[in-house]
Amino acid sequence: MTEEKILIGKGTEFPLKGILTLPENLEKPVPAVVFVHGSGSSNMDEKVMKLTPFKDLAKGLGKLGIASVRYDKRSFAHGRKMMKKGNLTVKEEVIEDAVLAAELLRGVPRIDPEKIFIIGHSMGAMLAPRIDAEGGNFRGLVLLAGTPDTLENVLFRQLEEMKKGKSRIMAWVASAQEKKFRKSFENLYELSDEEAKKIPYAGGVSLYYFKEMGEHRAAEYLEKTEKPVLIMQGSRDLQVSAEKDFGEYKKLFGNRDNFSFRLYEGLNHCFVPALYDDISKATKEFSKERHIGDNIISDIAGWILKNC
């Protein structure tokens, strides 16, 4: 495979450095994917301490004939500038750039413009159906470690898990945060947009960030789509629940012919072997270098090529 430096949003207020990964010895235009990050500020590899999920996937898919584009998340490259603007939403943080990435791929002669897919991880998986509907226009969707639930409910569940951990200090902190957040989020969807914008959460983010995202839930878009959808998760994922989140996906869409499901035993939120079953040890969980297995990459590649 080969890699080329690119720029997403060239000429806009928020240009983003990225990499276009291409299979070697191209004889005809190939399928491609756009990677969409999870929550927080991430570079183009979606680096989480010693883990680099998007880099692993891009290189692996490239070897199997599938091109990809990955890029720095806007909040990673322009965090301070975005915080100054205030009232950030996922539209500015994620959606606009993913649409621009898809448009860029359609302009590359070595890419088949009719065979562009989206791979969203974590919050990116929650947003992928909306990105598709709001201009991405993808051939199909791959949702890695996502959830049909709202972001705030995922946050509350993570805090609940931290309270069960072995660290008393972390449990106390989690308990205090949960009480504070539940009070802040009370009656969130009864607030007007302007009221939600006036209630701060952190940095340049107000409660409007959660309200706006919660009013555009993944399940609502997935219910309407006839495009192929692949939903994947690890059984020892502590950020979202295999039982609750993956299970809810299957409950909602298990009888739909355009949906496929893959659950991987023993893998964590980044699709590498899990080390701990305590969310308070997330730092240790992600601090040991591991890479996404060939079986995961071949499953994604096989599904994409099947649906081209």
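Computed from a predicted structure; not experimentally measured.

Undergrad: Can you help me understand the packing of aromatic side chains in this one?
TA: The geometry of an aromatic ring pair is captured by two quantities: the separation of the ring centres and the angle between the planes. Using the criterion set out here, one finds 12 aromatic pairs in the structure. Relative to F261, the ring of F259 lies with its centre 6.4 Å away and its plane at 20 degrees, an arrangement referred to as stacked. Judged on exposure class, the residue F259 and its partner F261 are both buried. Here a set of aromatic residues connected by ring pairs shows up, and it is made of F156, F181, F185, Y201, Y209 and F210. Taking the ring centre of F156 as reference, the NZ or CZ of R182 above it sits at 4.3 Å. Its guanidinium or amino end placed over the ring of Y189, R217 lies 5.7 Å from that ring's centre, counting from NZ or CZ.

Undergrad: How should the nonpolar core be read in this particular structure?
TA: Inside soluble globular proteins, nonpolar side chains tend to come together where they are buried. One finds V34, I111, M123, I131 and L143 to be the most contacted residues of the largest nonpolar core, which totals 63 residues. Among the elements that make up this core, the one with the highest residue count is helix α4 (residues 90–106) (8 residues). Counting residues in hydrophobic clusters, the runner-up holds 30 residues, among them L144, C270, V272 and I304.

Undergrad: Can you help me understand the packing of helix α1 (residues 53–63) against helix α13 (residues 294–306) in this one?
TA: The packing of two helices is summarised by the inter-axis angle and the distance between the axes. Two numbers describe how α1 lies on α13: the axes approach to 10 Å, and their chain directions differ by 60 degrees. By the angle between their directions, the pair α1 and α13 is classed as oblique. Where α1 crosses over α13, the handedness of that crossing is right-handed. Each of D56, L57, G60 and L61 in α1 lies in contact with α13, whose residues at this interface are I297, I300 and A301. For the contact of α1 with α13, the per-class residue count stands at 5 nonpolar, 1 polar and 1 charged.

Undergrad: What is the right way to read empty space enclosed by the protein from this model?
TA: Where empty space is left becomes clear once a probe the size of a water molecule has been rolled over the atoms. A complete count under the given rule lists 3 cavities of 30 Å³ or more for this structure. When its volume is computed, the largest cavity comes out at roughly 90 Å³. Along the wall of the largest cavity there are 15 residues; nearest its centre are M126, D149, M213, H216 and R217. Elements that contribute at least two residues to the lining of the largest cavity include exactly α5 (123–136), α6 (151–163) and α9 (207–214). Among the residues forming the lining of the largest cavity, the class breakdown is 7 nonpolar, 4 polar and 4 charged. Each pocket or cavity is described by its volume, and for the second largest cavity that value is around 60 Å³.

Undergrad: Would you take a moment to explain the environment of L7 for this structure?
TA: You can see L7 is positioned in strand β1 (residues 2–8). Residue classification places L7 among the partly exposed positions, given a relative accessible area of 35%. Residues L7 and Y249, spaced 242 residues apart in sequence, show a C-alpha to C-alpha distance of 35 Å. Residues in contact with L7, not counting those within four places in the same chain, are P15, L16, K17 and L104.

Rules used throughout
Residues numbered from 1 in each chain as written. Predicted model: local features only at pLDDT ≥ 70, side-chain atom pairs only at ≥ 80, totals over all residues. Heavy atoms only, no water. Phe/Tyr/Trp six-rings, centres within 6.5 Å; stacked < 30°, edge-to-face > 60°. Buried < 20%, exposed > 50% of the residue type's maximum accessible area, 1.4 Å probe, protein only. Lys NZ or Arg CZ within 6 Å of the ring centre and 35° of its normal. Core = buried A, V, L, I, M, F, W, Y, C linked by side-chain atoms within 4.5 Å. Helix = DSSP H or I, 4+ residues; strand = E, 2+ residues; numbered from the N terminus. Axes fitted to C-alpha atoms, helices over the stretch in contact; angles between N-to-C directions. Parallel < 35°, antiparallel > 145°, perpendicular 65-115°, else oblique. Left-handed = near helix turned anticlockwise from the far one by under 90°. Contact = heavy atoms within 4.5 Å. Nonpolar A, V, L, I, M, F, W, Y, C, P; charged D, E, K, R; others polar. 1 Å grid on protein atoms, 1.4 Å probe; cavity = no way out; pocket = protein on both sides within 12 Å on 5 of 7 lines; lining within 4 Å. Points joined across faces, edges and corners; volume = space filled by probe spheres on them.

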